[in-house]
Amino acid sequence: MGLVKVMGRYAGHIAMHAALANRDVNICLIPESPFDVYGEKGLFEYIMKRLKERHHCVIVMSEGVGAAVRDVVLKKSKAKDASGNLIPPVGSWLASRISRDFCRRR
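A brief report on the enclosed structure follows. All values reported here derive from a predicted model rather than from experimental measurement. (Residues numbered from 1 in each chain as written. Predicted model: local features only at pLDDT ≥ 70, side-chain atom pairs only at ≥ 80, totals over all residues. Heavy atoms only, no water.)

Quick notes on the pattern of salt bridges
1) Next: According to the stated counting rule, one finds two salt bridges in the structure shown.
2) Next: The salt bridge involving Arg9 is made with Glu63; its shortest N-O contact spans 3.8 Å. One end of the pair, Arg9, is in the loop between strand S1 (2-6) and helix H1 (13-21); the other, Glu63, is in the loop between strand S3 (58-62) and helix H3 (90-105), and 54 residues separate them in sequence.
3) Next: Residue class for Arg9 comes out partly exposed when judged on its relative accessible area of 22%.
4) Next: Residues Arg70 and Asp36 are paired through a salt bridge, measuring 3.3 Å at the closest nitrogen-oxygen approach. Note that Arg70 is positioned in the loop between S3 and H3 and Asp36 in the loop between strand S2 (27-29) and helix H2 (43-54), a separation of 34 residues in sequence.
5) Next: Judged by its relative accessible area of 54%, Arg70 falls in the exposed class.
6) Next: For Asp36, a relative accessible area of 26% corresponds to the partly exposed category. (Salt bridge = Lys/Arg side-chain N within 4 Å of Asp/Glu carboxyl O. Helix = DSSP H or I, 4+ residues; strand = E, 2+ residues; numbered from the N terminus. Buried < 20%, exposed > 50% of the residue type's maximum accessible area, 1.4 Å probe, protein only.)

Structure, rendered in structure tokens:
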């Protein structure tokens, strides 16, 4: 299982091109494409299915993908990057949720 976060606070073109350039990427999460994390057709169900069938899953995500999550409200971060921009917590949040959810399902 791999989770790669790339630049793209408001647009996912960098993540999309990275995913297209590498044949190992299974999921690409971008701000322009809303998705659910939980539920029958949610991200976690797809990851679980992928892991059962292929035993691996690589996710590339744009740093602004938190705006595309429909079923979870993310807390605002107070962390800032070197330029003073707020750093969205979606990468660490998603990694911790994946770890927690999949440990429970084992």
